[in-house]
Amino acid sequence: MSRPRGVAGRDPRAGFRAERTDAGASVPQGLLKAARRSGQLNLSGRGLREVPQCVWRINVDVPEEANQNLSFSAAERWWEQTDLTKLILSSNQLQSLTDDLRLLPALTVLDIHDNQLTSLPSAIRELENLQKLNVSHNKLQILPEEITNLRNLKGLYLQHNELTRIPEGFEQLFNLEDLDISNNRLTTVPASFSSLSSLVRLNISSNQLKSLPVEISGMKELHVGENQIEILGPEHLKHLNSILVLDLRDNKLRSVPDEITLLQSLERLDLSNNDISSLPCSLGKLPLKFLALEGNPLRTIRREIINKGTQEVLKYLRSKIKDDGPNQSDSVVETAMTLPSESRVNVHAIITLKILDYSDKQTTLIPDEVFDAVKSNIITSVNFSKNQLCEIPKRIVELKEMVSDVNLSFNKLSFISLELCMLQKLTFLDLRNNFLNSLPEEMESLIRLQTINLSFNRFKILPDVLYHIPTLETILISNNQVGSVDPQKMKAMENLITLDLQNNDLLQIPPELGNCVNLRTLLLDGNPFRVPRAAILMKGTAAILEYLRDRIPT
């Protein structure tokens, strides 16, 4: 066997040794060999002061084992090696990375947290396949602008560094879903954050922000605790109508505006350790599961009520609404026409927040005056939740050129009208807690729909039309009677990230569902199937999918 070019002069026994680096730490050849097969290399906690050249060049140089006079099994053909896609270098003593980083263009995961890095090389821009970058717990003072070239990035973790600013150009990270920049020294965030349309979770807690940035919008989780925020105004809540978690603990807030009630999806609100002396009674209308108020000088709610927990506080606030009746603090104004008392239209929300809000009125019909109040204003969100609607108002079609979010939850809908199917800019649709058992084929025309919530309805199968909406990223259909899903059609849904099938009637989970490798959240608890067992479910989505794939008949 002729000696391969590029390895002349090397010790043929090198394949059995650990390769020593210039920094004095070693990388076992067995690890490198395994990494060529699996595409993954974990070098965490090895005392590395620099990254060994053999790591950067793992897919460039001919490996040591090629130099040995050995016969190779099919599984060990070094010339069929896998490109490195996952590199973990966490918990070492790295102070810098070299531009040789560009030699690993196939990387999708790079974890270098808990080191002593003060900067990142500009060559990071060449990692175009990178989906997760963890540089937390380092000493970064500035980010290279080249980081905004990582267009496939979904998770970026920069917490616990020394950053004082974020470079412009973040709008190019249009796939970014999870961004953690907590525990830095930021006083502002760039305006480009407003363009991060895929962002689900943003953590900017423990910085030096003095106001809630108006640039942030659209995400489901926002953490801004431990800053110096003094004012929470309507303009800050303008685009947060889809938010589930809002953490404002340890700031300097003195009050909470009535517009907090526009956050109709809010489940967790942390206001602890601020300077809040009173709360708006309308806060009691929110579907909160968790409300933290400790460490505030509240004078309007007795301590014994707060000690009883979230639901008692909300109940107390609701009772005050009934006691006091309508007043100025409701932030609601009458329209020019004489309307029944329940027909008050929130004109402020229309003009300032672009929201048509007629929720929690227990009405069977949306009055024409509500749509008339829109006039020439732009409306992006509609909230008709918590009423007694048996059908979707036909005049909703008047908003088809502009509305992107529609909330029709907690009504009595048993069918979906064609008017809804004409809202071609719709991205978020909440239909939970209705009487639906099917969806019309015409919903296929909702070509921008990303999230649909069908929980607490009467579906017995996953509606077939959902398989034909390729933009869908999140399907929530828990607490129905779904008995089956089609794994082949599901696999074709390349953008689907979250599928919630909890508390349904699934007697078995098709193994082929394991091929839906894009799924990052698959929730199956509360179904009558026997396998996967609870121990597998508890390990999370990746473990479930792997388990299912292993059971696919060959």
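This structure is a prediction, so every number in the text was calculated from the model and none was measured. (Residues numbered from 1 in each chain as written. Predicted model: local features only at pLDDT ≥ 70, side-chain atom pairs only at ≥ 80, totals over all residues. Heavy atoms only, no water.)

**Overview of the overall build of the protein chain**
Moving on, step 1. Check the secondary structure of the protein chain and you find 10 helices and 21 strands.
Moving on, step 2. Per-residue burial for the protein chain yields a buried fraction of 50% across its 554 residues.
Moving on, step 3. For the protein chain, contacts bridging at least 24 residues in sequence account for 37% of all contacts bridging at least 6.
Moving on, step 4. When the accessible surface of the protein chain is split by element, carbon and sulfur atoms take 46% of a total near 25,800 Å². (Helix = DSSP H or I, 4+ residues; strand = E, 2+ residues; numbered from the N terminus. Buried < 20%, exposed > 50% of the residue type's maximum accessible area, 1.4 Å probe, protein only. Contact = heavy atoms within 4.5 Å. Areas by Shrake-Rupley, 256 points an atom, 1.4 Å probe, with all protein chains shown as cover.)

**With respect to the sheet that holds strand β20 (residues 498-500)**
Moving on, step 1. If you trace the 8 strands from one edge of the open sheet to the other, you get β14-β15-β16-β17-β18-β19-β20-β21, paired in parallel fashion. At either margin of the open sheet sits one strand with a lone partner, and together these are β14 (355-357) and β21 (521-523). Neighbour to neighbour, the strand axes of the sheet diverge by 5° on average, direction disregarded.
Moving on, step 2. Where β14 and strand β15 (residues 381-383) come together, 3 bridges link them in parallel fashion. The residue bridging Leu356 from the neighbouring strand is Val382, located in β15. (Pairing = 2+ DSSP bridges. Axes fitted to C-alpha atoms, helices over the stretch in contact; angles between N-to-C directions.)

**Section: the pattern of salt bridges**
Oppositely charged side chains can pair when the atoms bearing their charge come close.
Moving on, step 1. All told, the structure shown has 15 salt bridges when counted by the stated rule.
Moving on, step 2. For Glu267, the salt bridge goes to Lys289, with nearest N and O atoms at 3.9 Å. In this pair, Glu267 is assigned in the loop between β11 (245-247) and β12 (268-270) and Lys289 in the loop between β12 and β13 (290-292), connecting sequence segments 22 residues apart.
Moving on, step 3. We classify Glu267 as partly exposed; its relative accessible area is 26%.
Moving on, step 4. The partner of Glu419 in a salt bridge is Lys394, and the shortest N-O contact between them spans 3.9 Å. Of this pair, Glu419 sits in the loop between β16 (405-407) and β17 (428-430) while Lys394 sits in the loop between β15 and β16; the two residues are 25 residues apart in sequence, bridging distant segments of the chain.
Moving on, step 5. Look at the salt bridges and you will find they share partners, linking Glu226, Asp247, Arg249 and Asp250 into a network. (Salt bridge = Lys/Arg side-chain N within 4 Å of Asp/Glu carboxyl O.)

**Things to note about the nonpolar core**
Moving on, step 1. Counting 84 residues, the largest nonpolar core has Leu87, Leu120, Leu133, Phe193, Leu222, Leu271 and Leu279 as its most contacted members.
Moving on, step 2. When residues of this core are traced back to their parent elements, those giving at least two are α1 (29-38), α2 (53-56), α4 (303-307) and α5 (310-324).
Moving on, step 3. Here this core takes 4 residues from α5, the largest share from any one element.
Moving on, step 4. Among all residues touching Leu87, those that are not within four sequence positions of it are Leu41, Val55, Trp56, Leu104, Leu107, Val109, Leu110 and Asp111. (Core = buried A, V, L, I, M, F, W, Y, C linked by side-chain atoms within 4.5 Å.)

**Some points on helix α10 (residues 541-550)**
Moving on, step 1. Listing the buried residues of α10 in full gives Thr541, Ala543, Ile544, Leu545, Tyr547 and Leu548.
Moving on, step 2. The secondary structure elements touched by the buried residues of α10 are β21 and α9 (534-537).

**Structural notes on α1**
Moving on, step 1. Within the span of α1, buried status applies to Gln29, Leu32, Ala35 and Arg36. The buried side chains of α1 occupy one side of the element, clustering within an arc of 120° when seen end-on.
Moving on, step 2. Of the residues trailing α1, Gly39 is marked for its positive phi of about 80°. (Arc of directions from axis to C-beta.)

**So, the sheet that holds β11**
Moving on, step 1. The strand order across the open sheet formed by 11 strands is β3-β4-β5-β6-β7-β8-β9-β10-β11-β12-β13, and the pairing between neighbours is parallel. Each having just a single partner strand, β3 (40-42) and β13 make up the two edges of the open sheet. Strand-to-strand twist in this sheet, taken as the mean axis angle between neighbours without regard to direction, amounts to 5°.
Moving on, step 2. Of the strand pairs in this sheet, β11 and β12 are connected by 3 bridges, and their pairing is parallel.

**A word on the side chain of Asp247**
Moving on, step 1. Relative to the helices and strands, Asp247 resides in strand β11.
Moving on, step 2. Setting aside its immediate chain neighbours within four residues, Asp247 contacts Leu222, His223, Val224, Gly225 and Asp270.

**Section: the packing of aromatic side chains**
Moving on, step 1. For the coordinates displayed, the defined rule picks out 2 aromatic pairs.
Moving on, step 2. Considering the side-chain rings of Phe170 and Phe193, the 5.5 Å spacing of their centres and the 40° angle between planes classify their relative orientation as tilted. Here Phe170, found in the loop between β7 (155-157) and β8 (178-180), pairs with Phe193, found in the loop between β8 and β9 (201-203); they are 23 residues apart in sequence, far enough to count as distant. One exposure class covers both Phe170 and Phe193, and it is buried.
Moving on, step 3. Ring geometry for Phe371 and Phe384: centres 5.9 Å apart, planes at 80°, overall edge-to-face. With a gap of 13 residues between them, Phe371 in helix α7 (residues 368-372) and Phe384 in the loop between β15 and β16 connect regions that are remote in the sequence.
Moving on, step 4. Phe371 sits in the buried class, given a relative accessible area of 5%.
Moving on, step 5. For Lys361, the ring lying beneath its charged end belongs to Tyr358, and the centroid distance is 5.0 Å. (Phe/Tyr/Trp six-rings, centres within 6.5 Å; stacked < 30°, edge-to-face > 60°. Lys NZ or Arg CZ within 6 Å of the ring centre and 35° of its normal.)

**Focus on the environment of Leu522**
Moving on, step 1. Considering the arrangement of structural elements, one finds Leu522 in strand β21.
Moving on, step 2. Relative accessible area serves as the criterion here: at 3%, Leu522 is assigned to the buried category.
Moving on, step 3. Expressed as a C-alpha distance, the spacing of Leu522 and Gln502, which sit 20 residues apart in the sequence, is 9.1 Å.
Moving on, step 4. The residues touching Leu522, leaving out its near neighbours within four places in the chain, are Leu499, Leu513, Thr541, Ile544 and Leu545.

**A look at the confidence of the model for the protein chain**
Moving on, step 1. In the predicted model, the protein chain carries a mean pLDDT of 84, and 87% of its residues have values of at least 70.
Moving on, step 2. Contacts for the low-pLDDT stretch residues 1-24, under 50 throughout, to residues beyond four places or in other chains number 43 contacts.
Moving on, step 3. Scored below 50 in pLDDT, residues 324-343 makes 20 contacts in the model with residues more than four places away or belonging to other chains. (pLDDT = per-residue confidence, 0-100.)

**Focus: the side chain of Asn274**
Moving on, step 1. Looking at the element boundaries, Asn274 is found in the loop between β12 and β13.
Moving on, step 2. Only 3.0 Å separates the side chain of Asn274 from the backbone nitrogen of Leu253, close enough to count as a polar contact.
Moving on, step 3. There is a polar contact of 3.0 Å between the side chain of Asn274 and the backbone oxygen of Leu271.
Moving on, step 4. Once residues lying within four places of it in the same chain are set aside, the contact partners of Asn274 are Leu248, Arg249, Asp250, Asn251, Lys252, Leu253, Gly295, Asn296 and Pro297. (Polar contact = N/O pair within 3.5 Å; in protein donor to acceptor, adjacent residues only side chain to side chain.)

**Notes on the environment of His113**
Moving on, step 1. Mapped onto the elements of the fold, His113 is located in the loop between β5 (109-111) and β6 (132-134).
Moving on, step 2. Owing to a relative accessible area of 22%, His113 belongs among the partly exposed residues under this scheme.
Moving on, step 3. Not counting residues up to four positions away in its chain, the partners in contact with His113 are Ser90, Ser91, Asn134, Val135, Ser136, His137 and Asn138.

**Description of unusual backbone geometry**
Moving on, step 1. In this model, Val531 is joined to Pro532 through a cis peptide bond whose omega is 0°.
Moving on, step 2. Tracing the sequence through the fold places Pro532 in the loop between β21 and α9.
Moving on, step 3. Phi at His137 takes a positive value of approximately 55°, unusual for a residue other than glycine.
Moving on, step 4. Within the secondary structure, His137 is located in the loop between β6 and β7.

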